[in-house]
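Structural overview for review
Single-letter residue listing:
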Amino acid sequence: MELNSKIKCALQEIDFVNRYEKIAEEYNANRTPSNDRLVHIDGEEVMETIASLGYQPSFDAKEKFYKIKEEKNGEFTFGFHIILRDGNVDLVWIVKENKELLLGLPWSLYSRLLINPDYKISYPVIGSYEDIDDILEKAFTMFEDFKQALRK
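Let me sum up the structure you'll find in this document. These figures come from a predicted structure and were not determined experimentally. (Residues numbered from 1 in each chain as written. Predicted model: local features only at pLDDT ≥ 70, side-chain atom pairs only at ≥ 80, totals over all residues. Heavy atoms only, no water.)

**Considering the nonpolar core**
To be explicit about the condition: Nonpolar cores are built from buried Ala, Val, Leu, Ile, Met, Phe, Trp, Tyr and Cys residues. Side-chain atoms within 4.5 Å join them into one set. Note on classification: 1.4 Å probe, protein chains only; a residue is buried when its accessible area is under 20% of the maximum for its type, exposed when over 50%, partly exposed between these limits. Numbering of helices and strands starts at the N terminus; helices are DSSP runs of H or I of at least 4 residues and strands are runs of E of at least 2. Any pair of residues with heavy atoms lying within 4.5 Å of one another is described as a contacting pair.
Core analysis: the biggest nonpolar cluster contains 46 residues, and Phe16, Phe80, Trp93, Trp107 and Phe146 have the highest contact counts within it. Examining the composition of this core, we find that 11 residues originate from one element, helix α5 (residues 129-150), more than from any other. If we ignore the near neighbours within four places in the chain, the residues touching Phe146 are Ile7, Ala10, Leu11, Ile14, Phe78, Trp93, Val95 and Leu103.

Structural data, given as structure tokens:
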């Protein structure tokens with residue numbers, strides 16, 4: 001599996017791997033041991049956080065993830081899925097160009113495809129709603145940077 005060249009360039013331009021590593025290191029399993037993790041999530045609180053960041057959230061009850069309303073910009077359509085499971089945060093960017101899917105993978109795979117198949121970055125671990133707020137704020141900042149880099 002390989003990243004689309006446009007996606008790869010945009011990820012490299014925004015220094016994706018280093019930025020994701022910083023989030024994962026800040027919110028790691030040592031900081032929040034398994035018995036302190038936020039496992040039961042108040043979905044309304046997460047939806048409020050996403051909305052406060054300027055996006056229209058919804059929850060896919062069947063697949064159990066939060067998502068934002070897809071945004072069309074020129075030939076690109078962007079989406080963002082957020083999976084909060086077992087105290088971990090898994091993030092997925094969705095990118096289509098003229099309806100062709102260019103990206104729909106979890107962040108944890110980007111580093112493997114950019115650097116080395118064995119290169120792993122752990123999921124960020126959450127112990128509070130403040131953790132979720134901060135991670136999502138950083139993730140959406142990266143999302144905006146990524147969209148801008150891709151449209152160049």
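**Digging into the packing of helix α2 (residues 16-26) against α5**
We count it as follows: Axes here mean lines fitted to C-alpha atoms, for a helix over just the part in contact, with angles spanning 0 to 180 degrees between N-to-C directions. The labels follow the angle: roughly parallel below 35 degrees, roughly antiparallel above 145, roughly perpendicular from 65 to 115, and oblique for the rest. Polar here means any residue outside two lists: the nonpolar Ala, Val, Leu, Ile, Met, Phe, Trp, Tyr, Cys and Pro, and the charged Asp, Glu, Lys and Arg; Gly therefore counts as polar.
Relative orientation of the contacting elements α2 and α5 amounts to 175 degrees, with a least axis distance of 11 Å. For the element pair α2 / α5, the angle class is roughly antiparallel. Contact residues: Phe16, Arg19, Tyr20, Ile23 and Glu26 in α2; Asp134, Ile135, Lys138, Thr141, Met142 and Asp145 in α5. Taken together, the residues of the contact of α2 with α5 sort by class into five nonpolar, one polar and five charged.

**Here we look at helix α1 (residues 5-13)**
As a reminder, the rule being used: Of all possible arcs, the one meant is that of the directions from the helix axis to the C-beta atoms. Throughout this description, a polar contact denotes any pair of N or O atoms lying within 3.5 Å of each other; where both atoms belong to protein, one of them has to be capable of donating a hydrogen while the other can accept it, and for residues adjacent in sequence the pair is counted only when both atoms sit in side chains.
Within the sequence span of α1, burial applies to Ile7, Ala10 and Leu11. The arc that holds every buried residue of α1, seen down its axis, measures 100 degrees, which confines them to one face. Looking at the buried residues of α1, the elements they touch are α2, β5 (88-97), β6 (100-103), α4 (107-114) and α5. Where α1 begins, the capping side chain belongs to Asn4, and its oxygen is found 2.8 Å from the backbone nitrogen of Lys6. Looking at the residues trailing α1, positive phi occurs at Asp15, about 60 degrees.

**Focus: a negative patch on the surface**
Test applied: Only residues whose relative accessible area exceeds 30% and that form no salt bridge enter a patch; like-charged residues are grouped when within 9 Å of one another, and nonpolar side chains (Val, Leu, Ile, Met, Phe, Trp, Tyr) when within 5 Å. Each accessible area is a Shrake-Rupley result for a 1.4 Å probe, and residues are judged covered by the shown protein chains and nothing else. The term salt bridge refers to a pairing of a side-chain nitrogen on Lys or Arg with a carboxyl oxygen on Asp or Glu at a separation within 4 Å. When charges are counted, Lys and Arg contribute as positive and Asp and Glu as negative, whereas His and the chain ends are disregarded. For the purpose of locating charges, the reference atoms are NZ of Lys, CZ of Arg, CG of Asp and CD of Glu.
Together, Asp42, Glu44, Glu45, Glu48, Glu130, Asp133 and Glu137 make up a region of like negative charge exposed at the surface. For the negative patch, the elements supplying multiple residues, two or more each, are α3 (43-52) and α5. Counting through the fold element by element, Glu130 comes out in helix α5.

**A few points about the packing of aromatic side chains**
Centre-to-centre distance and the angle between the planes together describe a pair of aromatic rings. Under the convention used in this document: Ring pairs are drawn from Phe, Tyr and Trp, using the six-membered ring of Trp, whenever the two centres fall within 6.5 Å, and their geometry is named by plane angle: stacked under 30 degrees, edge-to-face over 60, tilted for the rest.
Applying the stated criterion to the full structure yields 19 aromatic pairs. Taking 6.4 Å as the distance between ring centres and 55 degrees as the angle between the ring planes, the aromatic pair formed by Tyr55 and Phe143 counts as tilted. Of the two residues, Tyr55 sits in the loop between α3 and β1 (57-60) while Phe143 sits in helix α5, which places them 88 residues apart along the sequence. Both residues of the pair, Tyr55 and Phe143, count as buried. Ring geometry for Trp93 against Phe146: centres 4.6 Å apart, planes inclined by 20 degrees, an arrangement best described as stacked. Within this pair, whereas Trp93 is found in strand β5, its partner Phe146 is found in helix α5, the two being separated by 53 residues in sequence.

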